[in-house]
Amino acid sequence: MKRVFGVFGDPIGHSLSPAMHNAAFSALEMDCVYHAFRVRPEKLEKAILGAEAMGFGGLNLTVPLKETALKLDCIRPDPLADKIGAINTVVFEKTGEITGYNTDGLGAKKALLEVAVEIKGSKIVVAGAGGAARAIAFQLAADGAEITIINRTEERAIELAVDVSVAALPGRIKGTGLAGIKNLLKEADILINTTTLGMHPNTETTIATAEELHSDFIVFDIVYNPLETRLLREARAAGAKTVSGVLMLVFQGAEAFKLWTGIEPPVELMKKTVLEALQA
Ligand code: ATR
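Residues numbered from 1 in each chain as written. Predicted model: local features only at pLDDT ≥ 70, side-chain atom pairs only at ≥ 80, totals over all residues. Heavy atoms only, no water.

### Description of the pairing of strand S6 (residues 98-101)
Relative to S6, strand S4 (residues 76-77) is paired through 2 bridges, and the arrangement is parallel. From the neighbouring strand, Pro77 faces S6, where its bridge partner is Gly100. Between strand S5 (residues 89-92) and S6, which follow one another and run antiparallel, lie 5 residues, and Gly96 among them has a positive phi close to 95°. (Pairing = 2+ DSSP bridges. Helix = DSSP H or I, 4+ residues; strand = E, 2+ residues; numbered from the N terminus.)

### Observations regarding the layout of surface pockets
In this model, the largest pocket occupies a volume close to 1600 Å³. Breaking the lining of the largest pocket down by element, the ones donating at least two residues are strand S3 (58-61), helix H3 (66-70), helix H6 (131-142), helix H10 (245-261) and helix H11 (267-279). Among the elements that line the lining of the largest pocket, the one with the most residues is H10, at 4 residues. Looking at the lining of the largest pocket, you find at least three residues from each of domain 1 (3-102 + 247-279) and domain 2 (105-243). Volume-wise, the second largest pocket comes out at about 180 Å³. Forming the walls of the second largest pocket are Lys123, Ile124, Val125, Glu146, Ile147, Thr148, Arg172, Ile173, Lys174, Leu184, Glu187 and Ala188. (1 Å grid on protein atoms, 1.4 Å probe; cavity = no way out; pocket = protein on both sides within 12 Å on 5 of 7 lines; lining within 4 Å. Points joined across faces, edges and corners; volume = space filled by probe spheres on them. Domains from an automatic or database assignment.)

### Description of the sheet that holds strand S9 (residues 172-176)
In a beta sheet, neighbouring strands pair by backbone hydrogen bonds and run either parallel or antiparallel. On the basis of which strands lie adjacent, the open sheet formed by 6 strands has the order S9-S8-S7-S10-S11-S12 and parallel pairing. Where the open sheet ends on each side, the last strands, each with one partner, are S9 and strand S12 (241-244). In this sheet, neighbouring strand axes are inclined to one another by 15° on average, regardless of whether the strands run parallel or antiparallel. The sheet strands contacting helix H5 (residues 104-113) are strand S10 (190-193), strand S11 (218-221) and S12, and the helix crosses S11 at an angle near 140°. (Axes fitted to C-alpha atoms, helices over the stretch in contact; angles between N-to-C directions. Contact = heavy atoms within 4.5 Å.)

### Looking at the site of the ligand
Neighbouring residues of the ligand: Gly128, Ala129, Gly130, Gly131, Ala132, Asn151, Arg152, Thr153, Arg156, Thr195, Thr196 and Leu197. One of the backbone N or O atoms of Gly131 is found 2.9 Å from an oxygen atom in the ligand. Backbone polar atom of Ala132 to an oxygen atom of the ligand: 3.1 Å apart, as the coordinates give it. Taken by itself the ligand offers 650 Å² of open surface, and the protein chains cover 68% of this. In this structure, the ligand is accommodated by the largest pocket. Across the shell around the ligand, the residue classes break down as 3 nonpolar, 7 polar and 2 charged. (Near = heavy atom within 4 Å. Polar contact = N/O pair within 3.5 Å; in protein donor to acceptor, adjacent residues only side chain to side chain. Areas by Shrake-Rupley, 256 points an atom, 1.4 Å probe, with all protein chains shown as cover. Sits in = over half its atoms within 2 Å of the grid points. Nonpolar A, V, L, I, M, F, W, Y, C, P; charged D, E, K, R; others polar.)

### Digging into the domain arrangement of the protein chain
Segmentation of the protein chain into domains returns domain 1 (3-102 + 247-279) and domain 2 (105-243). A C-alpha centroid distance of 25 Å is found between domain 1 and domain 2. Listed as interface residues are 15 residues of domain 1 and, on the opposing side, 19 residues of domain 2. Interface of domain 1 and domain 2: buried area, both sides summed, is about 1500 Å²; carbon and sulfur atoms make up 74% of it. (Buried area = accessible area lost by both parts, 1.4 Å probe.)

### Quick word on the nonpolar core
Formed by 34 residues in total, the largest nonpolar core has its most connected members in Leu112, Leu140, Ile149, Ile192 and Phe220. Among the elements of the structure, H5, strand S7 (123-127), H6, strand S8 (146-150), helix H7 (154-166), S10, S11 and H10 are those that each provide at least two residues to this core. Ranked by residues supplied to this core, first place goes to H6 with 7 residues. Here this core spans two domains, since at least three of its residues come from each of domain 1 (3-102 + 247-279) and domain 2 (105-243). With sequence-adjacent residues up to four places away left out, Leu112 is seen in contact with Val117, Ile119, Leu140, Ile190, Ile192, Ile218, Phe220 and Val243. (Core = buried A, V, L, I, M, F, W, Y, C linked by side-chain atoms within 4.5 Å. Buried < 20%, exposed > 50% of the residue type's maximum accessible area, 1.4 Å probe, protein only.)

### Focus: the pairing of strand S1 (residues 3-9)
Strand residues, when the strand is regular, have side chains that alternate between the two faces of the sheet. Extensive coverage of S1 is indicated by the burial of 5 of its 7 residues. The pairing of S1 with strand S2 (residues 32-38) spans 7 bridges and is classified as parallel. Bridging across to S2, Val7 finds its partner in Ala36. The parallel pair S1 and S2 is bridged by helix H1 (residues 17-27), and the resulting crossover is right-handed. Bridge analysis of S1 against S3 gives 4 bridges, and the strand direction is parallel. Counted as the bridge partner of Val7 is Asn60 from S3. (Right-handed = clockwise from strand over helix to strand, strands pointing away.)

Shown next, in the form of structure tokens:
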């Protein structure tokens, strides 16, 4: 009998995870299937326990469930997910325990490493202070980066910087508002956009323009809708290296796949599948 995996969220119709994971299962000839399920926050605990009772192989959680999951009695969060404050991957352990992980930060790190970046000691500006920024900040601080969080709402940036500092990780971090962005970018090596600027339908908005960037920069936009965001166009115009948000999507999925199965999935195929789905 096929082993069932799934992603819970609401809305969930446009999720790329089923195509990505089913392509990996097929390539590895694993008798498994991955579905998207619409689950509201108030039904999340029942849905997770139901999936466990039915022998599901594992779950992903997406908007708006990642933070809700952390509050459920049935899930034991791993320490990193606990610090981030969100769970995107659920593992049903052989012992009967249900563990919650967050693979977003590791997904972002692996995406950056695709362009051969040394993270330790790099000066990284992270724009935004939402859930994705939290996952990325904790991961990059663990890897020894010098991080500045910049956010429209300055207090959120400072709050995130304090949360990361309290965790006493090897990196350094501070939080500030958007006002000083130009000067910060002059000094930085890497810019990561986690805000919704540039995302469909606001495709002409951007956190930075070519004039504010430079050719030694690596610019990573976690937005992948559209595939070529205005920020990535501006970065290319400045001669900077770019990293697409598709890579983070693929690598966070690949990390989840490994947690569920212990098997290394075919990331190139997963990337090709996601790109085809986005271009369809
Ligand atoms: P996620 O959990 O996916 O990271 P989120 O929590 O909704 O998403 O965070 C969205 C981020 O985009 C926030 O940092 C938000 O800034 P605020 O904290 O000030 O709300 C940022 N953002 C959204 N619209 C923006 C805009 N027009 N200009 C600048 N930042 C914006």
